[in-house]
Amino acid sequence: YSIAIEAEHLKRDGTKVWSELHIRGIFDERGNLVGLMGISRDIHERKLAEIKLRESEEKFMQFAENIDDIVWLEDEKGNILFVNKAIEKIFGISREKVIESPIILTSFLTPMDASRFEKNINNDQIKTSYQTDYQIRLPDGTSRWILLKRFPILNEQGNVYRRAGIASDISSLKEAQMELVRATEKAQESERLKTIFLNNITHEIRTPINGIMGFGQ
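Residues numbered from 1 in each chain as written. Predicted model: local features only at pLDDT ≥ 70, side-chain atom pairs only at ≥ 80, totals over all residues. Heavy atoms only, no water.

(A) Structural view of the overall build of the protein chain. Scanning the protein chain from terminus to terminus reveals 5 helices and 8 strands. Counted from the first residue to the last, the protein chain has its helices and strands arranged as β-β-β-α-β-β-α-α-α-β-β-β-α. Here the protein chain, with 217 residues, has 26% of them falling under the buried criterion. For the protein chain, contacts bridging at least 24 residues in sequence account for 32% of all contacts bridging at least 6. For the protein chain, the exposed surface amounts to about 16,000 Å²; the carbon and sulfur share of it is 56%. (Helix = DSSP H or I, 4+ residues; strand = E, 2+ residues; numbered from the N terminus. Buried < 20%, exposed > 50% of the residue type's maximum accessible area, 1.4 Å probe, protein only. Contact = heavy atoms within 4.5 Å. Areas by Shrake-Rupley, 256 points an atom, 1.4 Å probe, with all protein chains shown as cover.)

Structure representation (structure tokens):
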């Protein structure tokens, strides 16, 4: 029987250090406890790293849960490790469902975009980031545009072992772009019709003038 205890204690100079104490019981032939044996080791650097990591994770969680964009983290096999609550607002499905079955997201895509999405997801060895947009169709019949940014996280050996991503709702931007295209096309069509009208008017005016000039000659 043994126990391990992690504790912070003060050194003689007043500085705080973390140590790990392993205590093991010593028993006689009858199974009676007759003593204790302990081993202590310095885990100060490891503990500081763990505390720093935990604080970073807490800051990340606070940030991720308070933005409108979808933020997620996945392992090297494509399993979702974390996704923020924005997924529920944009797609209308619980994040638990997405974590359980990430492929469910392809059901919101158009067939062409679904094919592009699967192709990008399957490029597991890509060590560079990529960005693209997709059109999604929601159960209520409305559609939205999503700008997706996905990038790899490399380990010390330079291999991909995590991926992270951000997806933003750019529907308003897309609508503004399409409105600009429609306005441009309308202006071009108006210019084309104006040119045709002016050419016709010029021809109609020129014809009788040419007749009069010919008659005068």
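(B) Structural context of the nonpolar core. Grouped together as the largest cluster of nonpolar side chains are 22 residues, with contacts concentrated most on I70, W72, I87, F91 and I136. The greatest single-element share of this core, amounting to 4 residues, is contributed by helix α2 (residues 86–91). (Core = buried A, V, L, I, M, F, W, Y, C linked by side-chain atoms within 4.5 Å.)

(C) Structural view of the environment of F151. Within the secondary structure, F151 sits in strand β7 (residues 143–154). On the basis of relative accessible area, F151 is assigned to the partly exposed category, the value being 33%. Each C-alpha atom, one on F151 and one on I166, is 9.1 Å from the other, the two residues being 15 residues apart in sequence.

(D) Just the sheet that holds strand β6 (residues 130–137), in detail. Taken in spatial order, the 5 strands line up as β5-β4-β8-β7-β6 in an open sheet, and their pairing is antiparallel. Both outer strands of the open sheet, β5 (80–83) and β6, are each paired with one neighbouring strand and no more. On average, each strand axis in the sheet is tilted by 25 degrees relative to the strand beside it, whichever way the strands run. (Pairing = 2+ DSSP bridges. Axes fitted to C-alpha atoms, helices over the stretch in contact; angles between N-to-C directions.)

(E) The arrangement of the layout of surface pockets in detail. Of the voids in this model, the second largest pocket is the one considered here, and its volume is about 300 Å³. Forming the walls of the second largest pocket are 13 residues, and the residues nearest its centre are S56, E57, F60, M61 and L73. Elements represented by at least two residues in the lining of the second largest pocket include exactly α1 (44–64), β4 (70–75) and β8 (160–169). It is α1 that provides the largest number of residues to the lining of the second largest pocket, a total of 6 residues. Among the residues forming the lining of the second largest pocket, the class breakdown is 10 nonpolar, 2 polar and 1 charged. (1 Å grid on protein atoms, 1.4 Å probe; cavity = no way out; pocket = protein on both sides within 12 Å on 5 of 7 lines; lining within 4 Å. Points joined across faces, edges and corners; volume = space filled by probe spheres on them. Nonpolar A, V, L, I, M, F, W, Y, C, P; charged D, E, K, R; others polar.)

(F) Highlighting α1. When the terminal C-alpha atoms of α1 are compared, their 30 Å separation across 21 residues agrees well with the 30 Å that a helix rising 1.5 Å per residue should span. When we look at burial in α1, the residues that qualify are H44, K47 and A64. The inward-facing, buried residues of α1 contact β1 (2–10), β2 (16–27), β3 (33–42), β4 and β5. (Expected span 1.5 Å × (residues − 1).)

(G) Structural view of the side chain of S168. Looking at the secondary structure, you find S168 in strand β8. Polar side-chain contacts of S168 include one of 3.2 Å to the side chain of D69. Ignoring sequence-local partners within four residues, the contact set of S168 consists of D69, W145, I146 and L147. (Polar contact = N/O pair within 3.5 Å; in protein donor to acceptor, adjacent residues only side chain to side chain.)

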